Amino acid sequence: MTISTFAIPGSPSSLWTTVRSVGAFNVACSFAALWAFVKVLKAFRWRLKTTQLRGPPRSSFVYGVSNDLVSSQDSAAVYERWAKEYGVVYMIPNILGQTKVVLCDPKAIAHFYARDTWIYVQTPLSLAILEAFAGRGLLWAHGESHRRQRKALAPAFSNAAIRKLTSVFYDSAYKVRGAWDTTIGLSQDGNGVIEVQNWMNHTSLDTIGIAGFSHDFGSLDGKHASVTEVFDTFGNDEKASAGNQVFMMLAQAFPIIAKIPTKRRNLIKKLNATMGKIFDDLLIRSHHEEAEQEKSIIGLLIEGQDTELHLTEEEVLAEMKVLLIAAYETTSIGLTWALIELSQHPDIQTRLREEPLAFGADPTCDQLKANLPYLDAVVHEILRLHPAVPEFTRLAAADDVISLSEPVRTASGEMTDRISVAKGTLISISIGAINRSFAIWGPDAKQFKPERWLAEEGISGKAKEVQGNRHLLTFVDGPRTCLGKDFAIAEFKTVLSLLVKNFVLEMRDGPDTQVEVARGLLPRPRVVGEDGIGVPLHVRRYE
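Note that this is a predicted model, so its numbers are computed, not measured.

## Regarding the overall build of the protein chain
Scanning the protein chain from N- to C-terminus turns up 20 helices and 12 strands. In the protein chain, 73% of the contacts between residues at least 6 apart in sequence involve partners at least 24 apart.

This is the structure in structure tokens:
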């Protein structure tokens, strides 16, 4: 009996000979056919294992409904409208035939967040972007690596650690007060026009520089900080921002696109070089100064490491970048929205001013937390209405079943109170939609109403079912709850209370001034008609 054999090439040259004999075109076709077959199998498995839900029709063959969401000034309202039409869980068409499951149900969201970093993980695109911007730090990590990094960082964000940093918050706030006083003093009528968003950027940058890693960027003193060039570039160039939106939408289907060299990637390299130098300086100081002299977040992390939770130098540098990005972007955006809302609601501004004036001296960290209830209400209402991160998307790393608080109708017309999701399913939560949902927060959900936080019975209705911090998803929930939320709120309260105590704020062009969302690294407010991220306000001293 003759046995046929197939010779496997043993070297690159023999492989090339085989390819030439078969034909390069045929080999390419074979690989393409194999790739397509695998894709079809995965799609078949996904459809078999995932509950098929109703949802909006595809408006674009290429983009699905992604372009509709990106181009909308209020994507949260779009998500909420779809939830009203299709139920608390629905599907939306995504890039190039992909599908996302959108969760608008508090019970389903709690299940999702409880399994984050293990069952639900970062998408390949998110991992590529986070690694480029911030390295393999806390935002990038998942599973055991995430648990270890978070546990190592936790002591630096304790109440005791934040108390020691409150003076840093005040230092930045007083610098802003001094600069605004100077601007007002130069005006003829005691009314200065101040572009407040840039000042909030400078405040956040200098604060996290000193509090985060003992480095003074000096931006409040007029020094040029090279790191701001990276962030500002993302919001100041409209054409680049629009092009970047298309670029990032396509990268959802082909994550390799995110690695293509661009001007922005070069700026990110510049940021990484700057942060590397700051890290080296901090490392040198940590070896020469007494431990009690160091109170910065990363300084405490370096000095307090133990064997079990030891972070590599690469991870510590990544945590520095995470701190910089999170603090510069999210806190400055929140403070800017606060100044806008108070300018549009003078009665609330007046009531807020009365509280710190009556209190007298600058409140301590503990007093900011416990003794100024209206300030707390205003801050949390801003966090509710204007979350810095509007949307949260993850990839299912395993099959799962998600229970719902109310039944939904499936694509086949059946009612179900639980859905199955297969490995590989994209799942999204619109934080803005949940925070401002009529169904969850009631008929005044879209209004700026700090009093809702002061009601004797507390937050009522379905909002109580949202398990995030203070029933908000602004700081996310579960294992990825923002570790720096208390730091951020303490800084927010310090800066806002001092500015409102000393200044009266008004919209430059009157109370009916329109504010839109500008696309940057994160969505930022901008007065309609202004360049970049301009938010000019009339500011005068409070007498």
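That covers the picture; the talk isn't over yet.
## Looking at a nonpolar patch on the surface
A surface patch of nonpolar side chains, amounting to about 300 Å² of accessible area, comprises F61, V62 and L96. Within the secondary structure, F61 is located in the loop between α2 (24-49) and α3 (66-71). Exposure remark for F61: the relative accessible area of 72% places this residue in the exposed category.

## Regarding the sheet that holds strand β2 (residues 99-103)
In space, the five strands of this open sheet follow the order β1-β2-β8-β5-β3, with mixed pairing throughout. Two strands bound the open sheet, and with one partner strand each, they are β1 (89-93) and β3 (120-121). In the sheet, β2 pairs with strand β8 (residues 426-430) via three bridges, with the strands oriented parallel. Looking at β8, one finds that K100 is bridged to L426. Along the sheet, helix α4 (residues 75-86) contacts β1, β2, β5 (391-396) and β8; its crossing angle with β1, the most-contacted strand, is approximately 120°. Here helix α5 (residues 106-114) sits on the sheet and contacts β2, β3, β5 and β8; the angle it forms with β8, its principal contact strand, is near 120°.

## Some remarks on the side chain of S332
Its place among the elements puts S332 in helix α14 (residues 313-344). For S332, the side chain forms a polar contact with the side chain of N201, separated by 3.2 Å. Beyond its immediate stretch of four places on either side in the chain, S332 contacts M200, N201, S204, A327 and R524.

## Brief notes about unusual backbone geometry
Phi is positive for R470, close to 55°, though the residue is something other than glycine. Its place among the elements puts R470 in the loop between α19 (438-441) and α20 (485-502). One non-glycine residue, H471, lies in positive phi territory at about 65°. As for its position among the elements, H471 is in the loop between α19 and α20. Under the relative-accessibility criterion, H471 is labelled partly exposed at 26%.

## Quick notes on the side chain of E315
Note on placement: E315 falls in helix α14. Not counting residues within four places of it along the chain, the set of residues in contact with E315 comprises R136, S145, R148, Q149 and H310.

## Quick look at the pattern of salt bridges
The full count for this structure, using the stated rule, is 24 salt bridges. When the shortest N-O distance is used, the salt bridge between D74 and R436 registers 3.2 Å. In this pair, D74 sits in the loop between α3 and α4 while R436 sits in the loop between α18 (431-435) and α19, placing the two residues 362 residues apart along the sequence. For R436, a relative accessible area of 14% gives the class buried. Where D444 meets K449, a salt bridge forms, and the shortest distance between an N and an O atom there is 2.9 Å. Among the residues examined, K449 registers a relative accessible area of 32% and is labelled partly exposed.

## So, the packing of aromatic side chains
All told, the structure shown has 13 aromatic pairs when counted by the stated rule. Between Y79 and W82 the ring centres are 6.0 Å apart and the planes differ by 90°, which places this aromatic pair in the edge-to-face class. Pair noted here: Y79 and W82 are both in helix α4, with a separation of three residues, about one helical turn. Here Y79 falls in the buried class, since its relative accessible area comes to 1%. Their ring planes at 90° and their centres at 6.3 Å tell us that F213 and F217 sit as a pair that is edge-to-face. Each member of the pair, F213 as well as F217, carries the same accessibility label: buried. A connected cluster of aromatic rings, assembled from ring pairs, spans Y79, W82, Y86 and Y90. Sitting over the ring of W441, R384 keeps its end group 5.3 Å from the ring centre.

## What to know about the environment of P124
Tracing the backbone shows P124 in helix α6 (residues 124-134). As for P124 and R394, which are separated by 270 residues in sequence, their C-alpha atoms are 9.7 Å apart.

## Some details on the nonpolar core
Within soluble globular proteins, side chains that are nonpolar tend to cluster in buried spots. W82, Y90, L103, Y113, W180 and L496 are the most contacted members of the largest nonpolar core, which totals 94 residues. With eight residues, the single largest contributor to this core is helix α17 (residues 373-385). Listed in part, the 47 residues of the second largest apolar core include L153, L317, C365 and L483.

## Regarding the confidence of the model for the protein chain
Mean pLDDT over the protein chain: 86, with 84% of residues reaching 70 or higher. Segment residues 1-9: pLDDT under 50, and three contacts once partners within four positions in sequence are set aside and those in other chains are kept.

## A few points about the pairing of strand β10 (residues 515-518)
In summary, the side chains of a regular strand alternate between the two faces of the sheet. Of the strand pairs in this sheet, β10 and strand β11 (residues 524-527) are connected by four bridges, and their pairing is antiparallel. Its bridge partner being in β11, A518 is matched across the sheet by R524. A loop of five residues connects β10 with β11, the two strands running antiparallel in sequence.

## Structural notes on the sheet that holds strand β9 (residues 503-507)
Pairing in this open sheet of three strands is antiparallel, and the strands run β4-β12-β9 from one edge to the other. With one partner strand each, in any of the chains shown, β4 (192-195) and β9 form the two edges of the open sheet. Strand-to-strand twist across the sheet, computed as the mean angle between neighbouring axes with direction ignored, equals 40°. As defined by bridge partners, β4 adjoins strand β12 (residues 536-541) across four bridges and the pair is classed as antiparallel. Directly across from V193, in β12, lies its bridge partner H538.

## Things to note about α17
Compared with the 18 Å implied by 1.5 Å per residue over 13 residues, the 18 Å span of α17 between its first and last C-alpha is a close match. In terms of burial, α17 is largely enclosed, as 12 of its 13 residues are buried. All buried positions along α17 are accounted for by Y374, L375, D376, A377, V378, V379, H380, E381, I382, L383, R384 and L385. In this structure, the buried side of α17 is in contact with α14, α15 (346-359), α16 (365-370), α18, α19 and α20.

The rules behind each value
- Residues numbered from 1 in each chain as written.
- Predicted model: local features only at pLDDT ≥ 70, side-chain atom pairs only at ≥ 80, totals over all residues.
- Heavy atoms only, no water.
- Helix = DSSP H or I, 4+ residues; strand = E, 2+ residues; numbered from the N terminus.
- Contact = heavy atoms within 4.5 Å.
- Patch = residues over 30% accessible without salt bridge, like charges linked within 9 Å, V, L, I, M, F, W, Y side chains within 5 Å.
- Areas by Shrake-Rupley, 256 points an atom, 1.4 Å probe, with all protein chains shown as cover.
- Salt bridge = Lys/Arg side-chain N within 4 Å of Asp/Glu carboxyl O.
- Buried < 20%, exposed > 50% of the residue type's maximum accessible area, 1.4 Å probe, protein only.
- Pairing = 2+ DSSP bridges.
- Axes fitted to C-alpha atoms, helices over the stretch in contact; angles between N-to-C directions.
- Polar contact = N/O pair within 3.5 Å; in protein donor to acceptor, adjacent residues only side chain to side chain.
- Phe/Tyr/Trp six-rings, centres within 6.5 Å; stacked < 30°, edge-to-face > 60°.
- Lys NZ or Arg CZ within 6 Å of the ring centre and 35° of its normal.
- Core = buried A, V, L, I, M, F, W, Y, C linked by side-chain atoms within 4.5 Å.
- pLDDT = per-residue confidence, 0-100.
- Expected span 1.5 Å × (residues − 1).

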